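# A closer look at the structure
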Amino acid sequence: MNTHFIKFSFQSRIRIVVILTLLSCFVSCKKKPVGRITDNAMVVSARIEASKIGSDILKQGGNAFDAMIATQFALAVAYPYAGNISGGGFMVYRDKDGNVGGLDFREKAPLTATHDMYLDSLGNFIPGKSTEGATAVGVPGSVSGVFAVHQKFGSLPMETLIQPAIDLAKQGLIVTEKQEERIKKYQEKIIEISGKQTLFANDFKRGDTIKYHALARTLQAIKENGQDGFYKGETAETLVRFLQECGGIITLEDLAKYQSVWREPVIFQYDELKVISMAPPSSGGITLAQIMKMIEPYDLRKMNHNSVESIHVITEAERRAYADRNYFLGDPDFADIPSETLLDSLYLLDRMDSFSLEKATSSESISHGKIEIVESMETTHFSIVDSLGNAVSVTTTLNGAYGSKLYCDELGFFLNNEMDDFSAKPGVPNMFGLVGAEANAIAPEKRMLSSMTPTIVEKDGELWMVVGTPGGSTIITSVLQTILNVHEYDMGMQEAVNRPRFHHQHLPDEIRMEPGVFPERVVKKLKEKGHTINEERTPVIGKVNAILVLPDGRLEAGADPRGDEAAVGY
C-alpha cells in the first residue's frame, strides 16, 4: 500500500488543521456560504411550504416525529414530483436519549406479481412495462409509515398533523420556475399515460397557483378514518378500480395487508464519527459503510478536496462497494444477506488489495462485474431536529419523476413506478443503469432494493449531523461526500452541500461528474489514470438536505440550491 497518503494520528491531524486554518485566514478572505442557523429546531425539505409546516408543528410543542408526519403529508401536496402518499421510503431516527432505529415503509410487489412479469414469451425485457402506467405500480407504503411513526413516537393528535396539508391542498401552491420546468419536461408523457383531461395537462406557468381539491378529500378521509382511510374503504376501492382499469394488478387485499417494518439500522465507525444509516432493503447503509471503511486508511485531508488523488481513492472504493451492492443486497425477508461479511474489516481490506494510487481498476476485473445498477433519481429527502434533541432523517419517493406518470384525478395523486427497482431480468439494467441479481428478483410481497440513505451521524457521543438526498444510485455517494466535506475538509453545512459532486457505481465504468464545475486539469489527470469521465449526460447528482449541530449547540441547515429546497426553524 502506498503510504504517502496514509492518515496521521488524530492528535497530529488536529495540530495540522489548526496550522492550516490559521494560514487560510491570511491566504483567503473569501466568504463561505452559510446556511440558515437556528437556536432550537430545524426542518429542511424540498419545498419551503413543507418545511414551514414541519417547523410550525415543532413550535406548537410537537416533537421531530410529529414534524416528520406533517412534513411528509405536506410534501405530498407541495412536491408531487416525488413527495407522496402513494410511494414509500425509509426513516432513520435518533431520539433525545441517544436511542436509534429505522423504519422501512418501502413499497411491495403485489400478491400476483411474478418473477418474469416484465419479460415477453422469449424471455426478453419489455421496455416501459416496469416504468410507465399501472403495470409499474408497487403497493404504497407511505401512509402506513406515518401511522407507524405516530403510534410509536407521536405526541400530537394525528388530526393536527394532517390538517395543514389539507389546508395547503385547498389553498393551492404557487408554481416555481423549477417546477414549471419539471412539468414541461414530463407533461407529454403524463398526458400519454393519464389522458388529456388530467390536472397536469394544464399549461402551468411560474407564478400560477395549483389547487389540489381531490387530494384534499383523500387526506380528509385519512384524517377521519386513520390508516384505513387509505388502505381500506372508499379510497382503496377507488384506487384499485382505477389501477385495474388501467391494466394494473394491485388488489384490495394487497392494500389491506401492507405493513411497515421497524428495522435495526446499520451502525459503523469512521474516525471519531458514529454513522447510523438504513439497513436493507435499502442498500444505503451497507454500501456507505463499505465505502467509508475502505477509504478510512487514506488521508483525504492531505489529498485536498476534489483533488485527483481524493477522487481516485473514493471512486475506487465506490467501484468495489457497488459491485457488492448489486449482487448481494435485496429484501432481507426474502434474501440471505451476508451483512457481517460485507462490513468485515479484513474483507474490505482485501477488496482494496488490487487498488493502486497510480491507475484506475477496470470494473470488469472486480468480482460480480456483470451486474449494473439502475434506479430513479427523483426521490426527495427531509431532515429534522427538534428542541429536545430528537432527530429524524427521511427519504421518500415515487421512484421516477412523477412516478409512473399515472395520475389518479379522482384521488389527486401520482402512482409510483417502484416495480422498476426490482431486477426484472437479472443482468439487465433498470432505468438508472443499475443492474441487479437474483437477490433483488421480483416475488409477491417482496420489497424492492433501494439506494435511499437517510443517515444520522454522532460525534463524541452527541448528535452531529442529519443528512440525506434524492438521486437514485447517486444517493449513497452524495451522502458520503457531504459527510466528508464537513469532517475531512472543515466545511460548514451549506458549503458542504453546495460543493460539486461526482459518482461511480461500478457499471457503467465511468465517473459521473457535475458538468462544468471540475477543473479541466483534474478531469485530464483522472483520464490519464484510466478513468472514463461522463460530464455530458450527467443529471444533478443529489439534492442534499442536511442539518449540522454546531459546537455551540445551534443548528446550521444545508438546503441544496440545485432544487427548491428550503430550511425553516426557530
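Quantities reported herein were computed from a predicted structural model and do not represent experimental measurements.

What follows is about the overall build of the protein. Across its full length, the protein carries 18 helices and 21 strands. The C-alpha atoms of the protein give a radius of gyration of 23 Å, which matches the 25 Å a tight globule of 570 residues would have. For the protein, with 570 residues in total, the buried portion stands at 64%. Residue pairs at least 24 apart in sequence account for 74% of intrachain contacts in the protein once pairs closer than 6 positions are excluded. Approximately 21100 Å² of the protein is accessible, and the part contributed by carbon and sulfur atoms is 51%.

By secondary structure assignment, the location of N399 is in the loop between β11 (391-397) and β12 (407-408). A polar atom in the side chain of N399 sits 3.0 Å from the backbone oxygen of N417.

In this model, helix α2 (residues 48-59) (twelve residues) spans 16 Å end to end at C-alpha, consistent with the 16 Å of a helix rising 1.5 Å per residue. Positive backbone phi, at 105°, marks G61, one or two positions downstream of α2.

Another point: the nonpolar core. In terms of nonpolar packing, the biggest core is built from 82 residues, with M68, F73, I85, M91 and L219 touching the most fellow members. No other element matches helix α3 (residues 64-78), which puts twelve residues into this core. Excluding its chain neighbours within four sequence positions, the residues that come into contact with L219 are F73, V77, I85, I162, A165 and I166. Grouped together as the second largest cluster of nonpolar side chains are 79 residues, I286, L288, V467 and L480 included.

At a minimum axis distance of 9 Å, the contact between helix α11 (residues 284-295) and helix α13 (residues 308-328) shows a crossing angle of 145°. Crossing of α11 over α13 shows right-handed handedness. Counted together, T287, Q290, I291, M294 and I295 of α11 and V313, I314, A317, E318, R320, A321, Y322, D324 and R325 of α13 form the full contact between these two elements. The residue makeup of the contact of α11 with α13, split by class, is eight nonpolar, two polar and four charged.

The subject of this paragraph is the sheet that holds strand β9 (residues 273-277). With antiparallel pairing, seven strands are arranged side by side in an open sheet as β1-β20-β19-β15-β14-β9-β8. Pairing within the sheet leaves two strands with one partner each, and these edge strands are β1 (37-38) and β8 (266-270). Here strand β14 (residues 455-459) runs beside strand β15 (residues 462-467); their pairing, made up of five bridges, is antiparallel. In the sheet register, T455 faces β15, and the bridge partner there is V467. Lying over the sheet, α11 contacts β8, β9 and β14, oriented at roughly 15° with respect to β8. Across the face of the sheet, helix α16 (residues 475-487) comes into contact with β8, β9, β14, β15 and β19 (545-549) while running at roughly 135° to β15.

With omega at 20°, the peptide bond leading from P280 into P281 counts as cis. Structurally, P281 can be placed in the loop between β9 and α11. In the segment running from L507 into P508, the intervening peptide bond is cis, with an omega of -5°. By the element assignment, P508 lies in the loop between β16 (502-503) and β17 (511-513). Of note in this structure, D460 is not a glycine but carries a positive phi near 55°. According to the relative accessible area criterion, D460 is exposed, its value standing at 64%.

To continue, consider empty space enclosed by the protein. Enumeration according to the criterion identifies four cavities of 30 Å³ or more in this entry. Looking at the second largest cavity, its volume works out to about 90 Å³. Lining the second largest cavity are 13 residues, and of these A76, P80, G412, F413 and F414 sit closest to its centre. Along the lines of polarity and charge, the residues of the lining of the second largest cavity split into nine nonpolar, four polar and no charged.

Within this structure, the stated rule accounts for 33 salt bridges. Across the pair E316 and R319 runs a salt bridge, and its minimum N-O distance is 2.8 Å. Here E316 and its partner R319 are both found in helix α13, three residues apart, which amounts to about one turn of the helix. Among the salt bridges present, the one from R554 reaches D552, with a minimum N-O distance of 2.8 Å. Its relative accessible area of 33% is what places R554 among the partly exposed residues. Linked through salt bridges whose partners overlap, the residues forming this network are D104, R263, D331, D333 and R447.

Reading across from one edge, β16-β17-β18 is the order of the three strands in this open sheet, with mixed pairing throughout. Among the strands making up the open sheet, the edge pair consists of β16 and β18 (533-534). One ladder, built from two bridges, connects β17 with β18; its direction is parallel. Residue pairing in the sheet places I511 in a bridge with I533 of β18.

The geometry of α3 relative to helix α4 (residues 142-153) is characterised by a closest axis approach of 9 Å and an angle of 160° between their N-to-C directions. Considering their axes alone, α3 and α4 lie roughly antiparallel with respect to each other. Crossing geometry of α3 relative to α4 is assigned as left-handed. Facing F65, D66, M68, I69, Q72 and F73 of α3, the residues of α4 in contact are S142, V146, V149, H150 and F153. Along the lines of polarity and charge, the residues of the contact of α3 with α4 split into seven nonpolar, three polar and one charged.

What counts and what doesn't
Residues numbered from 1 in each chain as written. Predicted model: local features only at pLDDT ≥ 70, side-chain atom pairs only at ≥ 80, totals over all residues. Heavy atoms only, no water. Helix = DSSP H or I, 4+ residues; strand = E, 2+ residues; numbered from the N terminus. Rg over C-alpha atoms; globule rule 2.2 N^0.38 Å. Buried < 20%, exposed > 50% of the residue type's maximum accessible area, 1.4 Å probe, protein only. Contact = heavy atoms within 4.5 Å. Areas by Shrake-Rupley, 256 points an atom, 1.4 Å probe, with all protein chains shown as cover. Polar contact = N/O pair within 3.5 Å; in protein donor to acceptor, adjacent residues only side chain to side chain. Expected span 1.5 Å × (residues − 1). Core = buried A, V, L, I, M, F, W, Y, C linked by side-chain atoms within 4.5 Å. Axes fitted to C-alpha atoms, helices over the stretch in contact; angles between N-to-C directions. Left-handed = near helix turned anticlockwise from the far one by under 90°. Nonpolar A, V, L, I, M, F, W, Y, C, P; charged D, E, K, R; others polar. Pairing = 2+ DSSP bridges. 1 Å grid on protein atoms, 1.4 Å probe; cavity = no way out; pocket = protein on both sides within 12 Å on 5 of 7 lines; lining within 4 Å. Points joined across faces, edges and corners; volume = space filled by probe spheres on them. Salt bridge = Lys/Arg side-chain N within 4 Å of Asp/Glu carboxyl O. Parallel < 35°, antiparallel > 145°, perpendicular 65-115°, else oblique.

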